[in-house]
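Summary of the model geometry
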Amino acid sequence: MDLDFIKLHGAGNDFVFIEDFSRDIELRSDQVAWLCDRHFGIGADGIILVRPPENPSCAAYMHYINSDGSLAEMCGNGVRCFAKFLVDRGYVSAESGQLVAETRAGERRISFETDDFGKLTQATVDMGIPEFSPSAIPILLEANAETESGASYVREASLESPWGWFSFTCVSMGNPHAVCFLDDMDGLPDELFSDSRDKSLETFDIERAGAFFEASPVFPERANIEFAVVGSHALTMRVFERGCGETLACGTGACATHVAAALTGRAGRSNELVLRGGTLSIEWRADGHVLMTGPARESFSGTIHLPA
Ligand SMILES: N[C@H](CCC[C@H](N)C(=O)O)C(=O)O
């Protein structure tokens, strides 16, 4: 089967977009993995099929698939690129400045800016209200703290690993996140850093630590694992994504990290989240909604022959 595709990315988190308004594209996990392979396929962190919405007031439905073929409820960088796909191709009027995307996690309102040619340059997504209960994450641990509004949540729960104990604060943005603040890297073993003389987020071996916790039995549906460092002006983070591995950015992960930082007194209600692929601006509003602002870029388009 020949597939027309468009490659887009949000802060380096990249996706293969395929228009599927006729709802006749179904991809097996091995086909998804092949399309996402950076040597034998197109190369991406995930696939996004653009499908008709259930609710006609929504612009379209975002069907997101991780590069390992697993489905995820939500993708923050992906939904900004989703808006770009729709605006740049005229499915949504550039003048309207907003649209509602339908996702597996629910509807997400997006406001966007365009350039002089009507092409979307950046978008602000209302990522909804985070969920905290262990059953909502899901995580097989008891809640041990309460938010100001009385929601129970898992705060800096210690999980053991071959390299010692790590503390995670858990947040759902429609998909599961476990956030670890690396407050004392000197206390971690040398083998977890590519340069033991420079124990930093950059030299931290996220592939090993992230893979260990992503697959921990404490997360029955696995989890996206964030490691973050709080600076004087910004939060710097890296993410090992469920079903993908390390990505250059994770929109829902940036939101979860920001919320966890606010909950644990490390940050206020608005922050710049610095990721390897770019910076996302996150605000946790007083009404509980999390707003994420960031770029969306088109890389290239083409047609690929998908082996049967
Ligand atoms: N791997 C994630 C989905 C993609 C999230 C990320 N790319 C984002 O921008 O939010 C999961 O399985 O929940």
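Every chain's residues receive numbers from 1 upward, in the order its sequence appears when written. Note on the predicted model: pLDDT of at least 70 is required for a residue's local features to be given, and 80 or more for side-chain atom pairs to be given and counted; whole-chain, interface and lining totals, by contrast, use all residues. Computation of side-chain values: all heavy atoms of the structure, hydrogens and water removed.

1. Overview of the overall build of the protein chain
- Along the protein chain, the regular secondary structure elements total four helices and 19 strands.
- Computed over C-alpha atoms, the radius of gyration of the protein chain comes to 19 Å, within 12% of the 19 Å expected from 2.2 N^0.38 for 308 residues, which places it in the range of a compact globule.
- The C-alpha extent of the protein chain, read off along each of the three principal axes, is 50 × 45 × 35 Å.
- Looking at the protein chain as a whole, 55% of its 308 residues qualify as buried.
- By sequence separation, contacts in the protein chain at least 24 residues apart represent 58% of the contacts at least 6 residues apart.
- Using a 1.4 Å probe, the Shrake-Rupley method yields the accessible areas, and only the shown protein chains count as cover for residues. Surface summary for the protein chain: the accessible area is close to 12,700 Å², and the carbon and sulfur share equals 48%.
- We treat Lys and Arg as the positive residues and Asp and Glu as the negative residues; His and chain ends play no part in the count. Note on charges: their place is set at NZ of Lys, CZ of Arg, CG of Asp or CD of Glu. When the 24 basic and 46 acidic side-chain charges of the protein chain are each reduced to a single mean position, those positions are 2 Å apart. Helix and strand definitions follow DSSP, with helices as H or I runs of at least four residues and strands as E runs of at least two, each counted in order from the N terminus. Two things to know: the radius of gyration comes from C-alpha atoms, and the globule rule equals 2.2 Å times the number of residues to the power 0.38. Think of it in three bands: residues with accessible area under 20% of the maximum for their type are buried, residues over 50% are exposed, and the middle band is partly exposed, with areas taken using a 1.4 Å probe on protein chains only. Residue contacts follow a heavy-atom distance rule, with two residues in contact if any of their heavy atoms lie within 4.5 Å.

2. Structural notes on the UniProt feature "active site" (unreviewed entry) in the protein chain
- Under the UniProt annotation, the feature "active site" (unreviewed entry) is placed at Cys 75 and Cys 250. The greatest C-alpha distance among the annotated residues, which extend across 176 residues, is 7.8 Å, indicating that they converge on a single site.
- Within the secondary structure layout, Cys 75 lies in the loop between β4 (60–66) and α2 (76–88).
- Within the secondary structure layout, Cys 250 lies in the loop between β15 (245–247) and α4 (251–263).
- The exposure class of Cys 250 is buried, given its relative accessible area of 3%. UniProt positions are given in the numbering used here, feature names are shortened, and annotations may be inferred rather than shown by experiment.

3. Some words on the domain arrangement of the protein chain
- Examined at the domain level, the protein chain breaks down into domain 1 (2–127 + 295–305) and domain 2 (145–288).
- Residue ranges for the domains trace back to a domain assignment, done automatically or taken from a database. Look at where the C-alpha atoms of domain 1 and domain 2 centre, and you get two points 25 Å apart.
- If you look at the interface, domain 1 gives 23 residues, while domain 2 gives 22 residues.
- For the pair domain 1 and domain 2, the summed buried surface comes to about 1,400 Å²; carbon and sulfur atoms form 47% of the total.
- Contact with domain 2 buries area across many residues of domain 1, yet Ala 11, Glu 73 and Met 127 alone supply 34% of it, more than any other trio.
- When a carboxyl oxygen of Asp or Glu is within 4 Å of a side-chain nitrogen of Lys or Arg, the pair counts as a salt bridge. There are two salt bridges connecting domain 1 and domain 2.
- Among the elements that line the side of domain 1 that touches domain 2, the one with the most residues is α2, at three residues.
- Each residue gets one label: Ala, Val, Leu, Ile, Met, Phe, Trp, Tyr, Cys and Pro are nonpolar, Asp, Glu, Lys and Arg are charged, and the others, such as Gly, are polar. Of the residues in the side of domain 1 that touches domain 2, the class split is nine nonpolar, eight polar and six charged. Simply put, the buried area is the total loss of 1.4 Å probe accessible area from both parts when two parts are fitted together.

4. Description of the site of the ligand
- With respect to spatial proximity, 16 residues lie near the ligand, and among them Gly 76, Glu 241, Arg 242, Gly 251 and Thr 252 are the closest.
- Polar contact is the term for a pair of N or O atoms within 3.5 Å; when the atoms are in protein, one must be able to donate a hydrogen and the other to accept it, and sequence-neighboring residues count only if both atoms are side-chain atoms. At 2.9 Å from a nitrogen atom of the ligand is found a side-chain nitrogen or oxygen belonging to Asn 66.
- Separating an oxygen atom of the ligand from a backbone N or O atom of Gly 251 is a distance of 2.8 Å.
- Summarising the interface, the protein chains cover 100% of the accessible area of the ligand, which totals 360 Å² for the free molecule.
- Per-class residue counts for the shell around the ligand are six nonpolar, eight polar and two charged. Think of it this way: one heavy atom of a residue within 4 Å of a molecule or strand is enough to make that residue near it.

5. Brief notes about the side chain of Arg 108
- Take Arg 108: it is sitting in strand β6 (residues 106–114).
- Buried charge without a partner: Arg 108 forms no salt bridge, and the closest opposite charge is Asp 126, 6.4 Å away.
- Reaching out from Arg 108, the side chain makes a polar contact with the backbone oxygen of Met 127 at a distance of 3.4 Å.
- Excluding residues that lie within four positions of it along the chain, Arg 108 makes contacts with Met 74, Leu 99, Val 100, Ala 101, Thr 103, Val 125, Asp 126, Met 127, Gly 128 and Met 173.

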